[in-house]
Amino acid sequence: PSGEVKGGIYAIAWAEMLQSGIRLATSTDGGTTFGAPVVLTGLGAGNAGTPDVALTSAGTVVCVWHGVNAAVQQGFEIFCVTGPVGGTLGTPVRVSGARTALTTLARVAVSGTSCIHVAWDEGTQASSYPVATMASDAVYSRSTDGGTTFASPTTLSTVGGVGQLFGVTSYPGAVVAASGARVVV
């Protein structure tokens, strides 16, 4: 699960593997009550996971997660959805673009009201799933229009190390500095 608190607004996202997707619940009363969880994905049991959530200063909730990439066997793509807290969420947008590698472990941070920063692990599978080893890179993309579109992904580091698919050697996390002018991954 992932959670974010900003003022009296809470947002929590989690994967329900047996229930086919990511759930998101929000609270506008300091966590006293939460709205009914919203299903963000319907990608099939066990096919969506590792959600991360952030809140903008304007009260928009942002959630990213990985889901199945049909073009890559056992591969994933990174998706993002945004919307007003307690309101209707938009249509999920593919953040990772047309990638040919395994993408997973997405992390999100926001700056201002509409700039969304997403970082994730991307690797090349070296053996059989689910105990696959993989060379892992840190990749980054951002949206300057509130999540409607994302820039082409940029590989920030080529780790070259080998780790387990569920415990890779690098674990990116986008963090926006207090000034909002810098992103550290």
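Above this note sits the structure.
Residues numbered from 1 in each chain as written. Predicted model: local features only at pLDDT ≥ 70, side-chain atom pairs only at ≥ 80, totals over all residues. Heavy atoms only, no water.

## Some words on the overall build of the protein chain
In step 1: Counting secondary structure elements, the protein chain contains zero helices and 14 strands.
In step 2: When the helices and strands of the protein chain are placed in sequence order, the string is β-β-β-β-β-β-β-β-β-β-β-β-β-β.
In step 3: For the protein chain, the share of sequence-separated contacts (at least 6 apart) that also reach a separation of at least 24 residues comes to 44%.
In step 4: Summed over all atoms, the accessible surface of the protein chain reaches about 8600 Å², with 54% contributed by carbon and sulfur. (Helix = DSSP H or I, 4+ residues; strand = E, 2+ residues; numbered from the N terminus. Contact = heavy atoms within 4.5 Å. Areas by Shrake-Rupley, 256 points an atom, 1.4 Å probe, with all protein chains shown as cover.)

## A look at unusual backbone geometry
In step 1: You will see that Thr50, though not glycine, has its phi angle at about 45°, which is positive.
In step 2: Mapped onto the fold, Thr50 is located in strand β5 (residues 48–55).
In step 3: Owing to a relative accessible area of 25%, Thr50 belongs among the partly exposed residues under this scheme. (Buried < 20%, exposed > 50% of the residue type's maximum accessible area, 1.4 Å probe, protein only.)

## A word on the state of the cysteines
In step 1: By the definition in use, this model includes zero disulfides.
In step 2: As a non-bridged cysteine, Cys80 has Cys63 as the owner of its nearest cysteine sulfur, 7.8 Å distant.
In step 3: Overall, the relative accessible area of 1% leaves Cys80 in the buried class. (Disulfide = S-S within 2.5 Å.)

## Quick word on the environment of Thr60
In step 1: With respect to the helices and strands, Thr60 occurs in strand β6 (residues 60–69).
In step 2: For Thr60, a relative accessible area of 22% translates into the label partly exposed.
In step 3: Considering only alpha carbons, one finds Thr60 and Gly146, 86 residues apart in sequence, at a separation of 8.9 Å.
In step 4: Discounting chain neighbours no more than four positions away, the residues touching Thr60 are Ala54, Leu55, Thr82, Gly83, Pro84 and Val85.

## Comments concerning the sheet that holds strand β2 (residues 9–16)
In step 1: Sheet architecture is open: four strands sit in the order β1-β2-β3-β4, paired in antiparallel fashion. With partners counted over all chains shown, the strands left at the sheet margins are β1 (2–6) and β4 (38–39), one partner each. (Pairing = 2+ DSSP bridges.)

## Considering the environment of Val118
In step 1: Within the secondary structure layout, Val118 lies in strand β10 (residues 115–125).
In step 2: Judged by relative accessible area, Val118 falls into the buried class, the value being 0%.
In step 3: With 39 residues separating them along the chain, Val118 and Phe79 place their C-alpha atoms 9.8 Å apart.
In step 4: Among all residues touching Val118, those that are not within four sequence positions of it are Val64, Ile78, Val95, Ala106, Arg107, Val108, Val139, Tyr140, Ser141 and Phe150.

## Notes on the packing of aromatic side chains
In step 1: Under the defined criterion, the tally for this structure stands at two aromatic pairs.
In step 2: Geometrically, the ring pair formed by Trp65 and Phe79 is stacked, given 6.0 Å between the ring centres and 25° between the ring planes. With a gap of 14 residues between them, Trp65 in strand β6 and Phe79 in strand β7 (residues 75–84) connect regions that are remote in the sequence. (Phe/Tyr/Trp six-rings, centres within 6.5 Å; stacked < 30°, edge-to-face > 60°.)

## Considerations on the pairing of strand β3 (residues 21–27)
In step 1: Where burial is concerned, most of β3 is hidden: seven out of the seven residues are buried.
In step 2: With seven bridges connecting them, β2 and β3 associate as antiparallel partners. Looking across to β3, one finds that Ala11 is bridged to Thr26.
In step 3: In terms of strand pairing, β3 meets β4 through two bridges, oriented antiparallel. Considered in β4, the bridge of Arg23 is made with Val39.

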